[in-house]
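Chains, contacts and geometry: an overview
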Amino acid sequence: MKNNKNKKSKAWIVSVDMGYGHQRAAYPLRYFANKNEIISANSYPGIPSKDKKIWQQSRKMYEFISRFKNVPVIGEKVFELYDNLQEIPDFYPKRDLSKPSVQVKTIYDMIEKQNWGKHLIENLSKEPLPMICTFFVPAFMAEHFDYPGEIYCLATDTDINRAWVSKSPAGSRIKYFAPNLRVVDRLKLYGVSPDRIFLTGFPLPLENIGDKKLTVLKKDIINRLVNLDPDQNFFNKYSQDIKRFLGVDELPKKSNHPLTVTFAIGGAGAQKEIGATIIKSLKDQIKQKKIRVILVAGIHNSVSSFFRKSARSVGLAKELDKGVKIIFAGSKEEYFKRFDKALRETDILWTKPSELSFYSALGLPIIISPPIGSQEDFNRRWLRTIGAGVTQDDPEYANEWLLDWIKSGWFAEAALQGFVEAPKYGTYNIENIISHKFEAFHKPKMLMQY
């Protein structure tokens, strides 16, 4: 019994190659993934052509709609129609929301009538380890095709729609990892039994967290506060809180990196124009070495080229790879690696309220660019509620309002708010649950956060 308890956990980590959110959630779990691989349910080696075709149709629609939203007049209307299918219903009044939606019925129709996903589940069933799905469809497939191991589904937003729960929730054996309290309560409204819901927090990269004492994370936040509180307005007022949560009596005189703003686009390449506007507005501060901007192009070479062209067009050619850095990689795994490393020397994260909202737990204050989709509206609300995010002002004048907000100490306060309020142990908690080490579970100490 003792040997089993100390045995390293292994699980099938199953994601989908659709945007960044689901794979970003899977990436921190790779260290206990079986065979050290994250399985992409829609593009794994040997996937049947009929299965791949179904996945491709849904992915193309998602990426097209995300980009099409920017088309004047008609783009907003088309996106609104698409978003209605994914709309998250009002939470109040509390009521029974277990009736399957049209989206759920459609998914099950394809699974049952076309054996969608049967090949994947039969292959994984040969070694029935716990299966962790960062997208609901593979979890549905696993249950329908009688996967013999435990099935877990990890929610990737601060609130979720009915599509995340099976057609018959009361009789389902799918267990859920919830990133926050709202998702816990939402799952209950959808008919999921409370004993199948675990409040874990969102999985964050251990490279940014460090050990369970958060050694790496605390060190990074201390250096971040030096840049975010240049006049020590925040420190002078809240020094006792800083000592309590970070264990330091005073901040270093100098940070280990220059003041850095990181702007990240979405998985479909949306909002790249905001990044171009940011460096145009901050070009004087960049040239004067007062600020560094990291533009995240992800795996989109076209976006990387756009950012480079934009930098040159505003006279920042000499600052490329210096005051203006661009993160681009040929694969998502390499992108996540570079992005997580860059976050250790990032002071402010500027992004739409995607799954990156949970990265506020890393002590990263977030400037919120316009949300895309119903779930991102809820993510934005969550960030504001915990005090870790603020809606962007006009990017054209970032050289004014951004610097004013830094001087006031607001970003420093938001950094500590995110660290204190958002859950940080999701990766450790998930491993503990699948290995049944419940005594090691670190229950998030969270407020309502609605």
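Residues numbered from 1 in each chain as written. Predicted model: local features only at pLDDT ≥ 70, side-chain atom pairs only at ≥ 80, totals over all residues. Heavy atoms only, no water.

Some details on the sheet that holds strand 5 (residues 175-178)
The sheet built from six strands is open, its strands ordered 2-1-3-4-5-6 with parallel pairing. Sheet topology places strand 2 (33-40) and strand 6 (197-199) at the edges, where each strand pairs with a single neighbour. The sheet shows a mean angle of 20 degrees between the axes of neighbouring strands, direction not considered. (Pairing = 2+ DSSP bridges. Helix = DSSP H or I, 4+ residues; strand = E, 2+ residues; numbered from the N terminus. Axes fitted to C-alpha atoms, helices over the stretch in contact; angles between N-to-C directions.)

Topic: the pairing of strand 2
Both faces of the sheet carry side chains from a regular strand, because those side chains alternate between them. Pairing geometry for strand 1 (residues 11-15) and strand 2, over four bridges, is parallel. Paired with I13 across the two strands is I38, which belongs to strand 2. Between the parallel pair strand 1 and strand 2, the chain is carried across by helix 2 (residues 21-26), and the sense of this crossover is right-handed. (Right-handed = clockwise from strand over helix to strand, strands pointing away.)

Quick word on empty space enclosed by the protein
Tallied over the entire structure, the rule returns two cavities of 30 Å³ or more. Of the pockets and cavities examined, the second largest cavity occupies roughly 40 Å³. What lines the second largest cavity is simply N208, L217, D220, R224, L343, R344, L362 and L364. Looking at which element gives the most residues to the lining of the second largest cavity, the answer is helix 10 (residues 215-228), with three residues. (1 Å grid on protein atoms, 1.4 Å probe; cavity = no way out; pocket = protein on both sides within 12 Å on 5 of 7 lines; lining within 4 Å. Points joined across faces, edges and corners; volume = space filled by probe spheres on them.)

Some points on the side chain of R186
Mapped onto the elements, R186 comes out in helix 8 (residues 181-189). By relative accessible area, R186 is classed as buried at 0%. Among residues more than four places away in sequence, those in contact with R186 are I88, P89, D90, F91, L97, D159, I160 and F378. (Buried < 20%, exposed > 50% of the residue type's maximum accessible area, 1.4 Å probe, protein only. Contact = heavy atoms within 4.5 Å.)

As for the packing of helix 10 against helix 18 (residues 410-421)
The interhelical angle for the contact between helix 10 and helix 18, taken along N-to-C directions, is 165 degrees, at an axis separation of 9 Å. Between helix 10 and helix 18, the crossing angle belongs to the class labelled roughly antiparallel. Read as a crossing pair, helix 10 and helix 18 show a hand that is left-handed. Packed against helix 10, whose contacting residues are L217, K218, I221, L225 and L228, the element helix 18 presents F411, A412, A415 and F419 at the interface. For the contact of helix 10 with helix 18, the residue count by class is eight nonpolar, no polar and one charged. (Parallel < 35°, antiparallel > 145°, perpendicular 65-115°, else oblique. Left-handed = near helix turned anticlockwise from the far one by under 90°. Nonpolar A, V, L, I, M, F, W, Y, C, P; charged D, E, K, R; others polar.)

Describing the pattern of salt bridges
Counted by the stated rule, this structure contains 20 salt bridges. R186 serves as the salt-bridge partner of D159, at 2.9 Å between the closest nitrogen and oxygen. Of this pair, D159 sits in the loop between strand 4 (151-154) and strand 5 while R186 sits in helix 8, placing them 27 residues apart in sequence. Here the two residues D159 and R186 agree in accessibility, since each one is buried. Among the salt bridges present, the one from D377 reaches R380, with a minimum N-O distance of 3.6 Å. Taken together, the positions of D377 and R380, both in helix 16 (residues 374-386) and three residues apart, correspond to about one turn of that helix. For D377, a relative accessible area of 35% gives the class partly exposed. (Salt bridge = Lys/Arg side-chain N within 4 Å of Asp/Glu carboxyl O.)

Describing the side chain of Q271
Looking at the secondary structure, you find Q271 in the loop between strand 7 (260-264) and helix 12 (272-281). Reaching out from Q271, the side chain makes a polar contact with the side chain of S369 at a distance of 2.8 Å. With residues near it in sequence (within four places) discarded, Q271 still touches F263, I265, K352, S369, P370 and I372. (Polar contact = N/O pair within 3.5 Å; in protein donor to acceptor, adjacent residues only side chain to side chain.)

Side note on the sheet that holds strand 8 (residues 292-298)
Across the sheet, six strands lie side by side as 9-8-7-10-11-12; this open sheet has parallel pairing. For this open sheet the edge positions go to strand 9 (324-328) and strand 12 (389-391), each flanked by a neighbour on one side alone. Shown here is a sheet whose adjacent strand axes are inclined to one another by a mean of 20 degrees, direction ignored. Bridge count for strand 7 against strand 10 (residues 348-351) is four bridges, and the pairing is parallel.

Topic: the packing of aromatic side chains
Taken as a whole and judged by the stated rule, the model has 25 aromatic pairs. Between Y31 and F32, the aromatic rings sit 5.1 Å apart at their centres with planes inclined by 85 degrees, giving edge-to-face as the arrangement. Look at F32 and you get buried, because its relative accessible area is 0%. Look at W405 and F411: their rings are 6.1 Å apart centre to centre, the planes differ by 50 degrees, and that puts the pair in the tilted class. Overall, the relative accessible area of 24% leaves W405 in the partly exposed class. Its relative accessible area of 0% is what places F411 among the buried residues. Among the aromatic side chains, those forming a connected cluster through ring pairs are W55, Y108, W116, F135, F136, F140 and W164. A cation over a ring is seen here: R24 above F339, with NZ or CZ 5.0 Å from the ring centre. When the ring centre of F91 is taken as reference, the NZ or CZ atom of R182 above it lies at 3.9 Å. (Phe/Tyr/Trp six-rings, centres within 6.5 Å; stacked < 30°, edge-to-face > 60°. Lys NZ or Arg CZ within 6 Å of the ring centre and 35° of its normal.)

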